[in-house]
Amino acid sequence: MMTFRISEAAALLGVSADTVRRWVDAGRLRAERDEHGHRQVNGADLAAFARTQVESVDDGRSSARNRFRGIVTEVIRDAVMAQVEIAAGPFRVVSLMSRQAADELGLEPGVVAVAVIKSTNVVVEIPGHERVASHP
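Note that the structure is a prediction, hence the values are computed from the model and not measured. (Residues numbered from 1 in each chain as written. Predicted model: local features only at pLDDT ≥ 70, side-chain atom pairs only at ≥ 80, totals over all residues. Heavy atoms only, no water.)

Caption draft 1: Region of the structure containing the overall build of the protein chain. On a plain count of helices and strands, the protein chain comes out with four helices and nine strands. Its helices and strands in sequence order give the protein chain the pattern β-α-α-β-β-α-β-β-β-α-β-β-β, from N to C terminus. When burial is assessed residue by residue, the protein chain has 23% of its 136 residues classed as buried. A separation threshold of at least 6 residues defines the contact pool for the protein chain, and within that pool the share at least 24 residues apart is 39%. Total accessible area computed for the protein chain in this model is approximately 10,100 Å², and 52% of it derives from carbon and sulfur atoms. (Helix = DSSP H or I, 4+ residues; strand = E, 2+ residues; numbered from the N terminus. Buried < 20%, exposed > 50% of the residue type's maximum accessible area, 1.4 Å probe, protein only. Contact = heavy atoms within 4.5 Å. Areas by Shrake-Rupley, 256 points an atom, 1.4 Å probe, with all protein chains shown as cover.)

Written out as structure tokens, the structure reads:
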């Protein structure tokens, strides 16, 4: 059974360790103490909790389900294309689009945007392991 320390759970959820401690103290997230008295969260419990925390933005009109709300941090435009970078929590999402699309959306640093991602190929990596599994 995989368990996570409070700090590890916080990093995975994109919040502070104090926030996770408050959730545990309030009974929102279950944690048990190890032999040293440190709180640990069961991996399955953490996954179930994380699922409840995901903001659903599904309007029923798109098959894409991966949505990352963030702030535009950089826009690089040339005559035809634009590279748009969004900071979404701890994640950096970069999109290449036509300059016209970037202009029409008014994309500039400081604008709140949602990166909607649909991919036909998803690569899954386990940190510290050399093997990579993918789904075409």
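Once the structure has been displayed, the description carries forward.
Caption draft 2: Structural view of the sheet that holds strand β6 (residues 91-98). The four strands lie next to each other as β6-β5-β4-β7, forming an open sheet whose pairing is antiparallel. Both edges of this open sheet fall to β6 and β7 (112-117), since each of them pairs with a single strand only. Taken pair by pair, the neighbouring strands of this sheet meet at an average axis angle of 45°, ignoring direction. Sheet topology places strand β5 (residues 81-88) next to β6; eight bridges connect them, and they run antiparallel. (Pairing = 2+ DSSP bridges. Axes fitted to C-alpha atoms, helices over the stretch in contact; angles between N-to-C directions.)

Caption draft 3: Molecular detail of helix α3 (residues 43-53). Among the residues making up α3, those that are buried are Gly43, Leu46 and Phe49. Along the axis of α3, the buried residues cluster in a sector spanning 125°; they form a single face. In α3, the exposed residues that point more than 90 degrees away from the buried face are Ala44, Arg51 and Thr52. The inward-facing, buried residues of α3 contact β1 (3-5), α1 (6-13), α2 (17-25) and β3 (39-42). N-capping of α3 is provided by asparagine 42, with a side-chain oxygen placed 2.7 Å from the backbone N of alanine 44. (Arc of directions from axis to C-beta. Polar contact = N/O pair within 3.5 Å; in protein donor to acceptor, adjacent residues only side chain to side chain.)

Caption draft 4: Structural view of the environment of phenylalanine 49. Within the secondary structure, phenylalanine 49 sits in helix α3. For phenylalanine 49, a relative accessible area of 6% puts it in the buried group. Spatially, the C-alpha atoms of phenylalanine 49 and leucine 29 are 6.7 Å apart, while their sequence positions differ by 20 residues.

Caption draft 5: Up close: the packing of α1 against α2. For the pair α1 and α2, the least separation of the axes is 8 Å and the interaxial angle reads 105°. What the angle tells us is that α1 and α2 run roughly perpendicular. Residue-level contacts link Ile6, Ser7, Ala9, Ala10 and Leu13 of α1 to Ala17, Val20, Arg21, Trp23 and Val24 of α2. (Parallel < 35°, antiparallel > 145°, perpendicular 65-115°, else oblique.)

Caption draft 6: Representation of the sheet that holds β1 within the structure. Overall, antiparallel pairing links the three strands, which are arranged β1-β3-β2 in an open sheet. Strands at the two margins of the open sheet, each flanked by one partner only, are β1 and β2 (32-33). Looking at chain direction, β2 and β3 are connected through two bridges and run antiparallel. By the bridge assignment, arginine 33 is partnered in β3 with arginine 39. With respect to the sheet, α1 is in contact with β1 and β3, its orientation differing from that of β1 by roughly 95°.

Caption draft 7: Fine view of the packing of aromatic side chains. Taken as a whole, this structure holds two aromatic pairs when the rule is applied. Look at tryptophan 23 and phenylalanine 49: their rings are 4.8 Å apart centre to centre, the planes differ by 55°, and that puts the pair in the tilted class. Separated by 26 residues along the polypeptide, tryptophan 23 in helix α2 and phenylalanine 49 in helix α3 bring together distant segments of the chain. In this structure, tryptophan 23 and phenylalanine 49 share a single accessibility class: buried. (Phe/Tyr/Trp six-rings, centres within 6.5 Å; stacked < 30°, edge-to-face > 60°.)

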